[in-house]
Amino acid sequence: FARNSGEPEFHQAVAEVLDCLGPVLERHPEYFDLDIIRRLCEPERQIIFRVPWIDDSGRVHINRGFRVEFNSALGPYKGGLRFHPSVNLGIVKFLGFEQIFKNSLTGLPLGGGKGGADFDPRGKSEREVMVFCQSFMTELHRHIGEHTDVPAGDIGVGAREIGFLFGQYKRLTNRFEAGVLTGKHTHWGGSQARTEATGYGLVFFVRELLATKGRALDGASVAVSGAGNVAIYAIEKAQQLGAKVVTASDSSGVIYDPDGIKLEALKRIKLERRGRIHEYLDEVPGQAEFREDATSVWDIPVDVALPCATQNEIDAPHAKRLISNGCLCVAEGANMPNTAAAIEIYRETPGMLFGPAKAANSGGVATSALEMQQNASRDSWSFEHTESRLEDIIRQVHQRCRDTAEEFGAPGDYTLGANIAGFSKVVEAMIAQGVV
Ligand code: NDP
């Protein structure tokens, strides 16, 4: 811990994994001799760089850029880029660490990494976002490549930013190397269903979880936080499967619509106008309410809760409230949206279903791997084919977590199942590749 001081989110992510590994370490005492845990917790490479850019008024700004290439035992480093003012090394390390196990769980040949910058895209003009992306890529391009490190989007980085980043990579390298970034527009190398994949995959995972209790999404009430890429497509798929989603939020507050969120209105506000969530009240006159406290989303009684905004958005009192209001399933669309104390509460509540991020939101990276496959073979699959591959992968991720939890004596504990299953595969590969 002293070695990584000032990185509380990284400590939290590591502690969650280590807490689950007791039973596997008992079976494999040789892991201690090989110092596997310390090797796993130390990133293979951490890159920090200056990102200078000039705004529309001619003022110079300096941001800090990061790429943490955490583990390449299973394949090239793979993980998104986050542009948000809160980004620092500890946040990027927590996300990169999580990504190792998530990518392993998908069964696809992907290492783990993550990156980003403390740049705030909100309120910036199109030109400002473009010049920032170009400056960011001017340094990043030396470290990435289709066989080395393949970034994608995350908070603040969507198809628009991936386009600007790709354009600059192409200019600097003089190569149209489609497989260097995923989340590209479908016109020039992107995969169908990548935009929808994390949200859709989350809902497919929830469907599997509920089925273990003989329940279904049809007729269930659902609370979703966030109104970005993950949240919007989680709402879409949940509605397609018959659920009533009653909330959406952003950092300024929550919309509660007891009639069910009108997705077309939300898409107009968030995807077309990049507006704020309260504008929903103008778009959809009726029963909807706006509440300024973004965390009040967890006060609303629902069957299923899907946190899709950011880390640590549900703490222990929120978790208790969700359960006392009758919630039977929480699944993480965002990365680490529950505090350690909240997760402990779910794990101690008999019958409670909890889908940890590593498993529940792995649909995004899995579909990125499908995009890489299409790029490598210069192919382009239909939406239906890609979505059905995604459904298969999520079914397998669910099965792997469930079987592993049972094998290690904790049936129904998906946190333990996801951590042990993800860990075991990475560690076997690390051992086979020697001390490197
Ligand atoms: P977006 O930038 O598209 O959306 C993030 C959303 O969360 C925005 O609506 C944002 O609101 C909201 N938000 C951010 N901070 C808060 C807060 N403190 N309280 C309430 N709302 C907040 O990002 P994504 O949807 O891509 O990512 C969301 C989460 O999902 C992240 O944890 C990310 O790591 C994870 N994830 C994303 C994947 C992907 O494929 N995109 C893959 C796997 C995980 P505002 O605009 O006000 O900031």
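All values derive from a computational prediction rather than experimental measurement.

*Asks:* Teacher, can you tell me more about the overall build of the protein here?
*Replies:* Of the regular secondary structure elements, the protein holds 17 helices and 13 strands. Computed over the C-alpha atoms, the radius of gyration of the protein is 21 Å, within 12% of the 22 Å expected from 2.2 N^0.38 for a compact globule of 436 residues. Taking all 436 residues of the protein together, the buried fraction comes to 51%. Once local pairs closer than 6 in sequence are excluded, the contacts in the protein between residues at least 24 apart make up 75%.

*Asks:* What am I meant to see in the sheet that holds strand β2 (residues 60-71) here?
*Replies:* What links the strands of a sheet is backbone hydrogen bonding, and the strands pair in either a parallel or an antiparallel sense. Reading across from one edge, β1-β2-β4-β3-β5 is the order of the 5 strands in this open sheet, with mixed pairing throughout. Edge strands, defined here as strands with exactly one partner in the open sheet, are β1 (45-54) and β5 (149-152). Each strand axis lies, on average, 20° off the axis of its neighbour in the sheet, ignoring direction. Here 10 bridges tie β1 to β2, and the two strands are oriented antiparallel to one another. Paired with F49 across the strands is G65, a residue of β2. Helix α5 (residues 89-105) rests against β1, β2, β3 (77-83) and β4 (112-117) of the sheet, and its axis sits at about 150° to β4.

*Asks:* Looking at this model, I keep getting lost on unusual backbone geometry. Mind explaining?
*Replies:* Glycine aside, negative phi is the norm for most residues, and most peptide bonds take the trans geometry. A positive phi angle, near 55°, is found at D35, a position not held by glycine. Looking at the secondary structure, you find D35 in the loop between α3 (30-33) and α4 (36-41). For R274, which is not glycine, the phi dihedral falls at a positive 50°. Tracing the chain through its elements places R274 in the loop between α10 (263-272) and α11 (280-283). Exposure remark for R274: the 11 C-beta atoms within 10 Å place this residue in the exposed category.

*Asks:* What am I meant to see in the domain arrangement of the protein here?
*Replies:* Assigned domains within the protein: domain 1 (2-177) and domain 2 (197-355). Relative placement of domain 1 and domain 2: their C-alpha centres are 26 Å apart. Counting residues at the interface gives 10 residues for domain 1, matched by 7 residues for domain 2. For the side of domain 1 that touches domain 2, the secondary-structure elements that each account for two or more residues are α1 (8-20) and α5. With 5 residues, α1 is the single largest residue contributor to the side of domain 1 that touches domain 2. Taken together, the residues that form the side of domain 1 that touches domain 2 break down as 5 nonpolar, 2 polar and 3 charged.

*Asks:* When you look at the packing of helix α12 (residues 316-324) against helix α13 (residues 340-348) in this model, what are you seeing that I'm missing?
*Replies:* Think of two packed helices as two axes; the pair is described by the angle between the axes and how far apart they sit. Direction vectors running N to C along α12 and α13 enclose 30°, while the axes themselves pass 7 Å from each other. Taken as axis vectors, α12 and α13 run roughly parallel relative to one another. In this structure, α12 crosses over α13, and the sense of that crossing is right-handed. Taking contact as the criterion, the partners of A316, H318, A319 and K320 in α12 are, on α13, A341, A342, I345 and Y346. When grouped by side-chain class, the residues that make up the contact of α12 with α13 number 6 nonpolar, 1 polar and 1 charged.

*Asks:* Explain the nonpolar core to me, please; I cannot follow it from the model alone.
*Replies:* Across soluble globular proteins, you tend to see nonpolar side chains buried next to one another. The biggest cluster of nonpolar side chains holds 126 residues, and the ones touching the most others in it are V206, V222, V224, A231, A234 and L306. Shared between two domains, this core holds at least three residues of each, these being domain 1 (2-177) and domain 2 (197-355). Setting aside its immediate chain neighbours within four residues, L306 contacts L202, V222, A223, V224, A234, A331 and G333.

*Asks:* Is there a simple way to explain the site of the ligand in this structure?
*Replies:* In the vicinity of the ligand, 26 residues are found, and the nearest of them are G228, D250, S251, A334 and G364. Contributing elements (two or more residues each) for the shell around the ligand: α9 (229-240) and β8 (247-250). Each residue belonging to the shell around the ligand can be placed in one class, and the counts come to 8 nonpolar, 15 polar and 3 charged. When residues of the shell around the ligand are assigned to domains, at least three fall in each of domain 1 (2-177) and domain 2 (197-355).

*Asks:* Can you walk me through the confidence of the model for the protein in this structure?
*Replies:* Detailed reading of predicted coordinates is not advised where the pLDDT is low. Confidence in the prediction for the protein averages 97 pLDDT; 100% of positions are at 70 or higher. Interface confidence in the predicted complex, given as ipTM, is 0.98; pTM for the same model is 0.97.

*Asks:* Got a minute to help me understand the pairing of strand β11 (residues 304-307) in this structure?
*Replies:* In the case of a regular strand, side chains alternate between the two sheet surfaces. Burial along β11 is two-sided: the face carrying V304 and L306 and the face carrying A305 and P307 are both buried. Taken together, the 4 bridges between strand β6 (residues 221-225) and β11 define a ladder with parallel strand orientation. Its bridge partner lying in β11, V224 is registered against L306. Handedness of the crossover is the feature at issue here: the chain leaves β11, passes through α12, returns alongside strand β12 (residues 329-331), and the resulting connection is right-handed.

*Asks:* Would you mind going over the sheet that holds strand β9 (residues 253-256) with me for this structure?
*Replies:* With antiparallel pairing, 3 strands are arranged side by side in an open sheet as β8-β9-β10. Two strands close off the open sheet at either side, each with one partner strand: β8 and β10 (289-291). Shown here is a sheet whose adjacent strand axes are inclined to one another by a mean of 20°, direction ignored. Where β8 meets β9, 4 bridges bridge the pair, whose relative direction is antiparallel. Bridging across to β9, D250 finds its partner in G253.

*Asks:* What is the right way to read the environment of E279 from this model?
*Replies:* Turning to its location among the elements, E279 is positioned in the loop between α10 and α11. Look at E279 and you get partly exposed, because 17 C-beta atoms sit within 10 Å.

*Asks:* Looking at this model, I keep getting lost on the environment of I100. Mind explaining?
*Replies:* With respect to the element layout, I100 can be found in helix α5. Owing to 29 C-beta atoms within 10 Å, I100 belongs among the buried residues under this scheme. Residues I100 and K358, 258 residues apart in the sequence, show an inter-C-alpha distance of 9.0 Å. Ignoring sequence-local partners within four residues, the contact set of I100 consists of F70, N71, G112 and V426.

Parameters and conventions
Residues numbered from 1 in each chain as written. Predicted model: local features only at pLDDT ≥ 70, side-chain atom pairs only at ≥ 80, totals over all residues. Helix = DSSP H or I, 4+ residues; strand = E, 2+ residues; numbered from the N terminus. Rg over C-alpha atoms; globule rule 2.2 N^0.38 Å. Buried ≥ 20, exposed ≤ 12 C-beta atoms within 10 Å, placed from the backbone. Contact = placed C-beta atoms within 7 Å. Pairing = 2+ DSSP bridges. Axes fitted to C-alpha atoms, helices over the stretch in contact; angles between N-to-C directions. Domains from an automatic or database assignment. Nonpolar A, V, L, I, M, F, W, Y, C, P; charged D, E, K, R; others polar. Parallel < 35°, antiparallel > 145°, perpendicular 65-115°, else oblique. Left-handed = near helix turned anticlockwise from the far one by under 90°. Core = buried A, V, L, I, M, F, W, Y, C linked by C-beta atoms within 7 Å. Near = placed C-beta within 6 Å. pLDDT = per-residue confidence, 0-100. Right-handed = clockwise from strand over helix to strand, strands pointing away.

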